[in-house]
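# Notes for the structure review
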Amino acid sequence: MRRLWILTVTLCLLPVFGMQAQEYTQTPVTISKEKVRGSDGNVYYSHVVLDKQTLFSISKAYGVTIEEIYDANPAANLRTEGLKKNAIILIPVQSSAPQAVTTPAAAAPQMDKDEFISHTVRWYEEINDIAAKYGVSVEVIMQANDLTSKKLKNRQKIRIPKDPVAFLAKIHANAAQTEEPLAEVPAEPETPVAEPEQQQQEEVQPEEQSRRWRFPSIFGNTSSRKSSVSTVLLLPMKNGTSMDFYSGFLMAVKEMGEKGIGSELNVYDVSGGALPVTASRLEDADVVIGPIAPADLTKVLNLADGHAAIVSPLDQKAASLVVEHRNLVQAPASLAAQFSDVIRWVREDRQAGDKVVVISERNGVRSEFYGMIEASDLEFIPFSYSILQGRGITSSLGGTLTRNGVNRIILDSESEAFVTDVVRNLSLLIHNRYPIVVYSPSKVRSFDTIDVEYLHNVNLHVSMSYFIDYDSPKVRDFLLAYRGLYGTEPNQFAFQGYDLASYFIQTIAEFGDSWIDKLDRISRKEGLQADFQFVEAGHGGLVNHSIRRAVYNPDFSIKIVR
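To keep things clear, this report deals only with the structure shown in the data block. This structure is a prediction, so every number in the text was calculated from the model and none was measured.

From N to C terminus, the protein includes 21 helices and 21 strands. By the burial criterion, 47% of the 562 residues in the protein qualify as buried. In the protein, once contacts between residues fewer than 6 apart in sequence are set aside, the share between residues at least 24 apart is 69%. On the protein, roughly 27,700 Å² of surface is accessible, and the fraction owed to carbon and sulfur atoms is 50%.

This is the structure in structure tokens:
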């Protein structure tokens, strides 16, 4: 039977939830129906403290003084430590007549359906939001629905007790039925009741440890394959680029689901540098993708503190962060990777009699690319000139070249005006029968002022992080599916979202919790517009070194050669 794919999306809209978080609504106090006899022989109400309840509000509801509550709970240290959510405290019963005591042996009947509110979870809701909406604790919701995890699914129906105090009291009473009835109930438990978060941490500590340190050489333990992958996606959703990326990402999630790999996708809006996500949520995810900008990535890396695998999805400049963070994966190949590939490509193509010429702009600034060429073992002839020299440079450049072999020209500039001038001059030299092949990183393809005819004329060999081959059957299938679903054309960001989701969801499903440690041992995999092959950056994280090569042929075709 085909496994159904599951998609849970939690989109945190800051203007809404940010305002709600600043409002303070005091939780009403409901008089407990459970009474117990203390060790002093007096009768007390057993009250379960809910979130945002205070000693003042509790004392007013029960008609006692705060001092009387202090005296009834000496072991709780309420004077110095205050109330703890879901702690059980004793409240003196204000009556001169003897009171009947409800002992654990007298189990409360099960609550009727009309004592609950039915709530259907919406895609943007978390359990904390629902608890705040109804004025109940998260623990109450989890107990009412037999939940073992705080994660909810879209359209999941859950029960909310109308009287959470009565609900908890009946749970305590039912639990006590399994034990030997006691004649008296001690005034205080022997150990203070911890807050729910503390209780949960103590109960699941072994599991959390295995997830926190889950990667062998980097984080510790390993685990097997996964049938479902949990992803946290951090994007500035007010940005059109992010929405395109997100659309492509969802396409891949849907496709993975059809292949039997479930996905739990939690999306957070990080517009304006906001970070509406907790460290525990990051740690619980199999992978965190985003944010985009290096400054925002730094915030997330600091919050995660090494306990979450984080993928940098779009910005090439973020590669500089990898050296200091072993849990960071740089998905876009960096400019340095493009530069290295250009040098390697020229070295591979060079034949006896060829000349390698590096053309730079004469501006007194040595580029990173030039430094890498100089540091390599590639023999080359440097040639530089000022753009003000214009067409007069053609004869000087021609004197540097050869007619007996191929002139392999490396463009060392990111200036559109200068590169345009170089390509025009080289085209003139080709017309004068100089054999020329030009090598360059990808930025040359974005220059609008360069006539595409010139790029084909100089037989451009370009090393790129991204390139979409529209002749590919997989690309054509994606285009048809995207148009059918969204009614528009996908751009490069939609392709990147699809590629990243496909690669990482499949990788995590195959290798389980140890995926990040095995990433540098996985062979190169092709996406629709980008390829992936990761290597360790010194003692830091991992960077993508896979570069696509394209050749602009004289017949105006563009051929992918790797």
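Next, the rest of the story.
Ordered in space as S1-S2-S3, the three strands form an open sheet in which the pairing is antiparallel. Edge positions in the open sheet fall to strand S1 (35-37) and strand S3 (88-92), since each of these has one partner strand only. Strand-to-strand, the axes of this sheet are offset by a mean angle of 45°, without reference to chain direction. Pairing between S1 and strand S2 (residues 43-48): three bridges, direction antiparallel. Following the sheet pairing, Lys-35 is matched in S2 by Tyr-45.

Between two aromatic rings, the relevant description is the distance of the centres plus the angle of the planes. With the rule as written, the count across this model stands at 17 aromatic pairs. A centroid spacing of 5.8 Å and a plane angle of 90° characterise the contact between Tyr-370 and Phe-380, whose relative ring orientation is edge-to-face. Of this pair, Tyr-370 sits in helix H15 (residues 368-375) while Phe-380 sits in the loop between H15 and strand S12 (381-385); the two residues are 10 residues apart in sequence, bridging distant segments of the chain. The exposure class assigned to Tyr-370 is buried, which follows from its relative accessible area of 11%. Taken together, the aromatic side chains of Phe-478, Tyr-482, Tyr-486, Phe-495 and Tyr-498 make up a single cluster linked through ring pairs. Above the face of the Phe-116 ring, Arg-159 is positioned so that its terminal group lies 3.9 Å from the ring centre. In this arrangement the basic side chain of Arg-403 is found over the ring face of Tyr-434, its NZ or CZ atom lying 4.0 Å from the centre.

On to unusual backbone geometry. Glycine aside, residues mostly have negative phi angles, and peptide bonds mostly take the trans form. Of the consecutive residues Gly-290 and Pro-291, the connecting peptide bond is found in the cis state with omega at 0°. Mapping Pro-291 onto the fold places it in the loop between strand S8 (287-289) and helix H13 (294-304). The backbone phi angle of Asp-305 is positive, close to 55°, even though this residue is not glycine. When you line up the elements, Asp-305 lands in the loop between H13 and strand S9 (310-312). Despite not being glycine, Arg-433 has its phi angle at roughly 70°, a positive value. Along the chain, Arg-433 falls in the loop between helix H17 (416-431) and strand S14 (436-441).

Another point: the side chain of Ser-230. Secondary-structure assignment places Ser-230 in strand S6 (residues 228-235). Once you skip the residues sitting within four places of it in the chain, Ser-230 turns out to touch Lys-151, Glu-264, Asn-266, Asp-284, Ala-285, Asp-286 and Val-287.

Bringing the sheet that holds strand S19 (residues 542-544) into the picture now. The sheet built from seven strands is open, its strands ordered S7-S6-S8-S9-S10-S19-S18 with mixed pairing. In this open sheet, the two strands that pair with only one neighbour each are strand S7 (262-269) and strand S18 (534-536). Taken pair by pair, the neighbouring strands of this sheet meet at an average axis angle of 25°, ignoring direction. Sheet topology note: the S9/strand S10 (residues 328-330) ladder contains three bridges and is parallel. Across the sheet, the residue bridging to Val-311 is Val-329, located in S10. The sheet strands contacting helix H11 (residues 240-258) are S6, S7 and S8, and the helix crosses S6 at an angle near 175°. Contacts from H13 reach S6, S9 and S10 within the one sheet, and its direction differs from that of S9 by about 170°.

What counts as what
Residues numbered from 1 in each chain as written. Predicted model: local features only at pLDDT ≥ 70, side-chain atom pairs only at ≥ 80, totals over all residues. Heavy atoms only, no water. Helix = DSSP H or I, 4+ residues; strand = E, 2+ residues; numbered from the N terminus. Buried < 20%, exposed > 50% of the residue type's maximum accessible area, 1.4 Å probe, protein only. Contact = heavy atoms within 4.5 Å. Areas by Shrake-Rupley, 256 points an atom, 1.4 Å probe, with all protein chains shown as cover. Pairing = 2+ DSSP bridges. Axes fitted to C-alpha atoms, helices over the stretch in contact; angles between N-to-C directions. Phe/Tyr/Trp six-rings, centres within 6.5 Å; stacked < 30°, edge-to-face > 60°. Lys NZ or Arg CZ within 6 Å of the ring centre and 35° of its normal.

Coordinates in, geometry out; function isn't part of it.
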